[in-house]
Amino acid sequence: MSHLDGEIRDGRHHMQVRVYYEDTDFSGIVYHANYLRYMERGRTNHLRLMGAQQQALFEQAETEGAGFAFVVRSMHLDFLKPARMDDVLDIVTWPVAVKGASIMLAQEVRRGEDVLVKAEVRVAFISGGRAQPIPKSIRTLMKADLIS
């Protein structure tokens, strides 16, 4: 099943998606909100390939505190070029920085050598309804202590 989740190469997660008719708007290009869906899948599969079975991760974190979630705190996107139906896109994700309760990730949507969309995504760790430091078990899993 790992081929469905993409692969990690040179510290970056790569995942391919094909653009279907349902992903496009009336002009035949990918509707802007669909890039968010592609990038969410990239972040989820990046975590999975690093060894996080999400259900087990949730259960482990619950023993350290009362429930938790990663939530998107902020996102900056640059739409550079359009994608069209039947394009095969490479969703690339990599960590940039980890600080206390948040992780900054960079993402790109590429078609071949062309970068179509660039994103900076700040994801916060929330527990008990408030931002909390990321637990050691999750930081270790994400190799967070290696990121500056």
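Preceding this section is the structure that the text describes.
Conventions adopted
Residues numbered from 1 in each chain as written. Predicted model: local features only at pLDDT ≥ 70, side-chain atom pairs only at ≥ 80, totals over all residues. Heavy atoms only, no water. Helix = DSSP H or I, 4+ residues; strand = E, 2+ residues; numbered from the N terminus. Buried < 20%, exposed > 50% of the residue type's maximum accessible area, 1.4 Å probe, protein only. Contact = heavy atoms within 4.5 Å. Pairing = 2+ DSSP bridges.

*Asks:* Help me understand the environment of Gln-16 in this model?
*Replies:* Its location among the elements puts Gln-16 in strand 2 (residues 12-18). Looking at Gln-16, the relative accessible area reads 62%, which means it is exposed. C-alpha separation for the pair Gln-16 and Asp-5, spaced 11 residues apart in sequence, amounts to 8.7 Å. Non-local contacts of Gln-16, meaning those with residues more than four positions away in its chain, are made with Val-88, Leu-89 and Asp-90.

*Asks:* When you look at the pairing of strand 5 (residues 102-111) in this model, what are you seeing that I'm missing?
*Replies:* Sheet faces and side chains relate simply in a regular strand, where the side chains alternate between the two faces. Of all the 10 residues making up strand 5, eight are buried; the element is thus mostly covered by neighbouring parts of the structure. Connecting the antiparallel pair strand 4 (residues 88-99) and strand 5 is a turn made up of two residues, with Gly-100 showing a positive phi of about 50 degrees. Across 10 bridges, strand 5 lies against strand 6 (residues 114-127) in antiparallel orientation. Within strand 6, the residue paired with Arg-111 across the bridge is Asp-114. Hairpin connection between strand 5 and strand 6: a loop of two residues separates the two successive antiparallel strands, and Gly-112 in this loop has a positive phi of roughly 65 degrees.

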